[in-house]
Amino acid sequence: MKCPGQDTLYWKPGAIYEVPCPQCGANVEFFKDDTARKCPTCQHRFVNPDMDFGCAAYCQYAEQCIGTLPEEFLLQKEDLLKDRVAIEMKRYFRRDFKRIGHATRVARYAERIGRGEGSNPAVVLCAAYLHDIGIVEAEKKHGSSEACFQEQEGPAVAREILEKLGAKPPLVEEVCDIVGHHHHPREQETLNFKVLYDADWIANLEDRKKENDLQPEKIETIIAEKFLTESGRSEARKTLL
């Protein structure tokens, strides 16, 4: 028996469609799980632009189920992972909308900064959604949400979420490392850490500006002294000044 996500019995209308050949323009029929097909008119072989693997996009057993996955799909799989991490973060914080909102804003800024810097979007966005995930345990165990307690408790919670979602070990390790010191950059840092760090600064300064009427001169000083990437500084000035 096939996995339901790949069994044509469960497919909906639109699962079989035609795509114009980029070489000659002739219509080429694709099934939604075809990775590539050859144009019958000009024999040009091209990747399915609307590739849809259903549950295989996030299932840890996908490769065993449908064979070796193409590089294009693996990139799509990591992109979908960050969306599922966002859902798990919201479930974890439950009705704590302030923390959910903060994590979502950090992810938004991290995506923009990361695009400018060329960082790994899967690592950066997973770290953005999970960077403060240790707050609940910190308050429970230490009666405080101080940065040091967040960093102490966060990696274990982040690891549990990522492993449950079937994330690859290298991604799990890097995200947990970032979560475990996201307020305290080391002397030598990865680009992914720098992007997350700057994004977190923007969201925090945004909150301080609303609460304390932070002056532009002070914001500019912080941007110049604390930020680690040029794209982060640019995004901060556009957002805060």
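Relevant structure appears above.
None of these values were measured; they are calculated from a predicted model.

Right, let's get into the packing of aromatic side chains. A ring pair, where both rings are aromatic, is described by two values, the distance of the centres and the angle of the planes. Tallied over the full model, the rule gives three aromatic pairs. With centroids separated by 5.9 Å and ring planes inclined at 70°, the aromatic side chains of Tyr 92 and Phe 93 adopt a geometry described as edge-to-face. Taking relative accessible area as the criterion, Tyr 92 reaches 26% and is therefore assigned partly exposed. Residue classification places Phe 93 among the buried positions, given a relative accessible area of 5%.

Only one face of strand β1 (residues 16-20) is buried: it carries Tyr 17 and Val 19, and the other face, with Ile 16, Glu 18 and Pro 20, is open. Pairing between β1 and strand β2 (residues 27-31): five bridges, direction antiparallel. Bridge pairing in β2 places Val 19 opposite Val 28. In sequence, β1 turns back onto β2 through a hairpin of six residues, with Gly 25 there showing a positive phi of about 90°.

Glancing now at the packing of helix α6 (residues 147-164) against helix α7 (residues 169-179). At their nearest, the axes of α6 and α7 sit 8 Å apart, and the two run at 155° to each other. Judged on the interaxial angle alone, α7 and α6 are roughly antiparallel. Judged by the twist between their axes, the crossing of α6 over α7 is right-handed. Listed contacts from α7 to Glu 151, Gly 154, Pro 155, Ala 158, Arg 159, Leu 162 and Glu 163 of α6 are Leu 171, Val 172, Glu 173, Val 175, Cys 176 and Val 179. Among the residues forming the contact of α6 with α7, the class breakdown is eight nonpolar, one polar and four charged.

Before going further, it helps to examine helix α10 (residues 230-240). Those residues of α10 that fall on the buried side of the exposure criterion are Ser 231, Gly 232, Arg 233, Glu 235, Ala 236 and Leu 240. On its buried side, α10 packs onto α3 (97-117), α8 (191-212) and α9 (216-226). The backbone nitrogen of Gly 232 has a side-chain oxygen 2.8 Å away, supplied by the residue at the start of α10, namely Thr 229.

All chains considered together, the criterion is met by 18 salt bridges. Note that Arg 112 is salt-bridged to Glu 235, the shortest N-O span being 2.9 Å. Placement of the pair is Arg 112 in helix α3 and Glu 235 in helix α10, with a sequence separation of 123 residues. Exposure remark for Arg 112: the relative accessible area of 35% places this residue in the partly exposed category. The exposure class assigned to Glu 235 is buried, which follows from its relative accessible area of 6%. The partner of Arg 233 in a salt bridge is Glu 230, and the shortest N-O contact between them spans 3.2 Å. Residue Arg 233 and its partner Glu 230 are located together in helix α10, separated by three residues, close to a single helical turn. The exposure class assigned to Arg 233 is buried, which follows from its relative accessible area of 19%. Residues participating in the shared-partner salt-bridge network are Glu 137, Lys 140, Lys 141 and Glu 153.

Definitions and cut-offs
Residues numbered from 1 in each chain as written. Predicted model: local features only at pLDDT ≥ 70, side-chain atom pairs only at ≥ 80, totals over all residues. Heavy atoms only, no water. Phe/Tyr/Trp six-rings, centres within 6.5 Å; stacked < 30°, edge-to-face > 60°. Buried < 20%, exposed > 50% of the residue type's maximum accessible area, 1.4 Å probe, protein only. Helix = DSSP H or I, 4+ residues; strand = E, 2+ residues; numbered from the N terminus. Pairing = 2+ DSSP bridges. Axes fitted to C-alpha atoms, helices over the stretch in contact; angles between N-to-C directions. Parallel < 35°, antiparallel > 145°, perpendicular 65-115°, else oblique. Left-handed = near helix turned anticlockwise from the far one by under 90°. Contact = heavy atoms within 4.5 Å. Nonpolar A, V, L, I, M, F, W, Y, C, P; charged D, E, K, R; others polar. Polar contact = N/O pair within 3.5 Å; in protein donor to acceptor, adjacent residues only side chain to side chain. Salt bridge = Lys/Arg side-chain N within 4 Å of Asp/Glu carboxyl O.

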